[in-house]
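Close look at the chain arrangement
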There are 2 protein chains.
Amino acid sequence: MPTMQDVAKKAGVSLSTVSHALSGKRPISEETRQRIQQAIEELNYHPNELARRLANQQSRIIGMIFPRLANNLTVMQLEFVMGAIEAADQHGYSLLFSPSPMDDNDLTNFARGGLVQGLILMEIRLDDPRCEVLSKQGFPYVMIGRTSNPDGISYADLDFVHATSSAVSYLVENGHQKIAYIDYAPFLVESGYGPAIRSLEGYRQTVNKYELPEISLACNPTSLAGYEVVKKLLYDHPDVTAIITLNDNAIAGMYQATQEAGLHIPDNFSYIAIISSRRAEMFMPTLTTMDFPANEMGQAGVELLIQRLENEDARPIHKLFEAKLTMRQSSGPASKL
Amino acid sequence: MPTMQDVAKKAGVSLSTVSHALSGKRPISEETRQRIQQAIEELNYHPNELARRLANQQSRIIGMIFPRLANNLTVMQLEFVMGAIEAADQHGYSLLFSPSPMDDNDLTNFARGGLVQGLILMEIRLDDPRCEVLSKQGFPYVMIGRTSNPDGISYADLDFVHATSSAVSYLVENGHQKIAYIDYAPFLVESGYGPAIRSLEGYRQTVNKYELPEISLACNPTSLAGYEVVKKLLYDHPDVTAIITLNDNAIAGMYQATQEAGLHIPDNFSYIAIISSRRAEMFMPTLTTMDFPANEMGQAGVELLIQRLENEDARPIHKLFEAKLTMRQSSGPASKL
DNA sequence: CTGTTAGCGCATTCAT
DNA sequence: ATGAATGCGCTAACAG
């Protein structure tokens, strides 16, 4: 690999001249610029990023703790990641991934090794221990999601309370009186996973406001679980006419159970699924959905972090996204049901 | 941030002693080791990875070109990535992601910048231009998938010919005489996407061998497309009794169309879906599937690359995975249909 | 406009 | 068993 020194020699100039020619940080005569350019091409020179970043004292790399496979593997995760990668790229940063099962020590090493300038955390729990560790170290990070006390830290999150709440309101306005909510997996609910807690809360508040019964069930993220949960739901509460859920991976089974019970969507039964529009495309019949803007949230995460990195005394920004109701069932073959 | 020099000073030893104490690459007296250790803790010192990797002349970072969002966003992609991240981590490497829309120049810069030691390419086309560029540069890379002439390069791929071929055979053995194949999106087929070409080939060979009619259709990766394609299929060929597909994102719609046609799985109609087992969990009724080992393939990709990186004259390894038939419909509620 | 020099933080060869 | 010195490849004062 040719170095900048090689280029300098070949072009008959000094090292620093080459450096400045490349960075444009000081005027270079057109003639020497030419010679340098030519030397670069002849040698097929490419600057060494490791050296450059060491000298600059910044890696321009953002770390992302990848969610654990076992729990929650959804297309939405992919969309977070995708949005983050693209945003990072646009700002001249790269994303480096690390698998999730990290103890506090690994996390500290990862952070303080200087390889990554900041971190993006996904799958935040209300009392996430990773946040404590990082905050104590004063290490820059942002959350996709949030803890119960996120004051000092920027985050991008969905307004889960608003999402389920407005889903209930919408259904009530359309005449529904018995509305069930299917939550995330039981262990997520128990372990204080924010989206599980908050979405349930929004549902509760709103059915209570309308003085409707509160019917909610947790559900593992598989089709089979969804099938069984709805089977049970419809057995225990045969008069339920609508289901709200964010549980992406279980929806197919839920829907199947509804069908087998002889219910017809949207004639005498309704679903509101709060999932990404891309994910919604994978369902039949196309459901009524509330768009979960996963891609935008990943993007926002990166941008909040970069803001924090490039502006030392920027104050934390809390970005709450709202899920927008999308009437997917009005178009397409669902109407033929 | 404290540096190694700070630690040395505090411990009253030389820089190199600290370095060697950390790396263990030369004997250190127990006493000085203690002092160094203590200094490290008091200062909360962590070695700077950028500097370390520059001095070592290796980044221990592997680049991965992330697939384009628009085409093919599936859980399988996520599983490739997940497998790769985990494997890399186990070998002490990290994965750095870059978005796909790169021209030859960006790709060359990315590769030769020295930030990444090697590259993993996904979504390989039969005549993928990226491979030419990288091969010409002599840059280490591996493919998940393969080009039509992958001689010099390691890859991990699914044996698509075998997959569809054995799916046909299995159906024939179970009495099916009219077996349709639903391929990937039309533009993927046309643009020479290996899996689309090879899977179709396996299907063709085998139905021809059995002297059965050849009925194949391309299908966009959405539920709606799947619905419409199968609708048309069943209209044009009402005597079809089985469908084979790898088109993950369209399956829900395909299935819906089948149901609406009054066909019952598995009584008088069969599906074989070649998808990852994790993805299969999201379907109802649980289909007959052939397990697409996405996670393992991602893992293999990383391991092949590391092999190449750490053993200069390792010869290329071609790793073909086989999809295994899994009778998912035998368990669970599908039997109630 | 250009050259010289001193770091960035760590690894490592040569001495001792 | 330890220290001093050089180098990894680049950036950025400082000096002309």
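Residues numbered from 1 in each chain as written. Chains lettered and ligands numbered in written order. Predicted model: local features only at pLDDT ≥ 70, side-chain atom pairs only at ≥ 80, totals over all residues. Heavy atoms only, no water.

**A short note on the protein's contact with DNA strand D**
Close contacts around DNA strand D come from 28 residues, with Met4(A), Tyr45(A), Thr17(B), Arg26(B) and Pro27(B) the closest. Restricting attention to atoms of DNA strand D within 4 Å of the protein, one finds that 63% of them are sugar or phosphate atoms. In this structure, Lys25(A) approaches DNA strand D through a side-chain N or O atom, which is 3.4 Å from a phosphate oxygen. The contact in question runs from a base oxygen of DNA strand D to an N or O atom on the side chain of Arg26(B), over 2.6 Å. Breaking the surface near DNA strand D down by element, the ones donating at least two residues are α2 (15-23) and α4 (49-56) of chain A together with α2 (15-23) and α4 (49-56) of chain B. For the surface near DNA strand D, the per-class residue count stands at eleven nonpolar, 13 polar and four charged. (Near = heavy atom within 4 Å. Polar contact = N/O pair within 3.5 Å; in protein donor to acceptor, adjacent residues only side chain to side chain. Helix = DSSP H or I, 4+ residues; strand = E, 2+ residues; numbered from the N terminus. Nonpolar A, V, L, I, M, F, W, Y, C, P; charged D, E, K, R; others polar.)

**Observations concerning the domain arrangement of chain A**
Per the domain assignment, the segments making up chain A are domain 1 (1-49) and domain 2 (160-293 + 325-336). Computed over C-alpha atoms only, the centres of domain 1 of chain A and domain 2 of chain A are separated by 62 Å. (Domains from an automatic or database assignment.)

**Concerning the interface of chain A and chain B**
Contacts between the two partners involve 64 residues from chain A and, on the opposite side, 64 residues from chain B. Here chain A and chain B share an interface that buries about 5,600 Å² over both sides, 69% of which is from carbon and sulfur atoms. For the pair chain A and chain B, the number of links is twelve residue pairs in polar contact (both at pLDDT 80 or more). Secondary structure elements with two or more residues in the side of chain A that touches chain B: α4, β1 (61-66), α5 (75-90), β2 (94-99), α6 (104-112), α11 (223-236), α12 (251-260) and α13 (277-280) of chain A. The leading source of residues in the side of chain A that touches chain B is α5(A), at nine residues. Grouping the amino acids of the side of chain A that touches chain B by side-chain chemistry returns 32 nonpolar, 21 polar and eleven charged. Bridge count between β2(A) and strand β2 (residues 94-98) of chain B: three bridges; the pairing is antiparallel. Paired with Leu95(A) across the bridge in β2(B) is Phe97(B). (Contact = heavy atoms within 4.5 Å. Buried area = accessible area lost by both parts, 1.4 Å probe. Pairing = 2+ DSSP bridges.)

**Thoughts on the nonpolar core**
Among the nonpolar cores identified, the biggest contains 164 residues, and Ile274(A), Phe292(A), Ile274(B) and Phe292(B) are the most heavily contacted of them. Those residues in contact with Ile274(B) that lie beyond four places of it in its chain are Leu158(B), Ala163(B), Thr164(B), Ile244(B), Thr245(B), Leu246(B), Met290(B), Phe292(B) and Ala323(B). Formed by 40 residues, the second largest nonpolar core is a distinct cluster that contains Leu50(A), Ile61(B), Leu119(B) and Leu134(B). (Core = buried A, V, L, I, M, F, W, Y, C linked by side-chain atoms within 4.5 Å. Buried < 20%, exposed > 50% of the residue type's maximum accessible area, 1.4 Å probe, protein only.)

**Focus on the sheet that holds strand β12 (residues 324-327) of chain B**
Residue and element names in this part refer to chain B. Taken in spatial order, the six strands of this open sheet run β7-β6-β8-β9-β10-β12, and their pairing is mixed. Only two strands of the sheet have a single partner each, and these edge strands are β7 (215-217) and β12. Here the strands of the sheet are splayed against their neighbours by 20 degrees on average, with no regard to which way each runs. In this structure, strand β6 (residues 179-182) lies alongside strand β8 (residues 242-245), joined through four bridges in parallel fashion. From the neighbouring strand, tyrosine 181 faces β8, where its bridge partner is isoleucine 244. (Axes fitted to C-alpha atoms, helices over the stretch in contact; angles between N-to-C directions.)

**Concerning the protein's contact with DNA strand C**
Thr17(A), Arg26(A), Pro27(A), Met4(B) and Tyr45(B) are the nearest of the 28 residues found near DNA strand C. Within the side chain of Thr32(A), one N or O atom sits 3.1 Å away from a phosphate oxygen of DNA strand C. A distance of 2.5 Å separates a phosphate oxygen of DNA strand C from a polar side-chain atom of Tyr45(B). Secondary-structure elements contributing two or more residues to the surface near DNA strand C are α2 and α4 of chain A together with α2 and α4 of chain B. For the surface near DNA strand C, the per-class residue count stands at eleven nonpolar, 13 polar and four charged.

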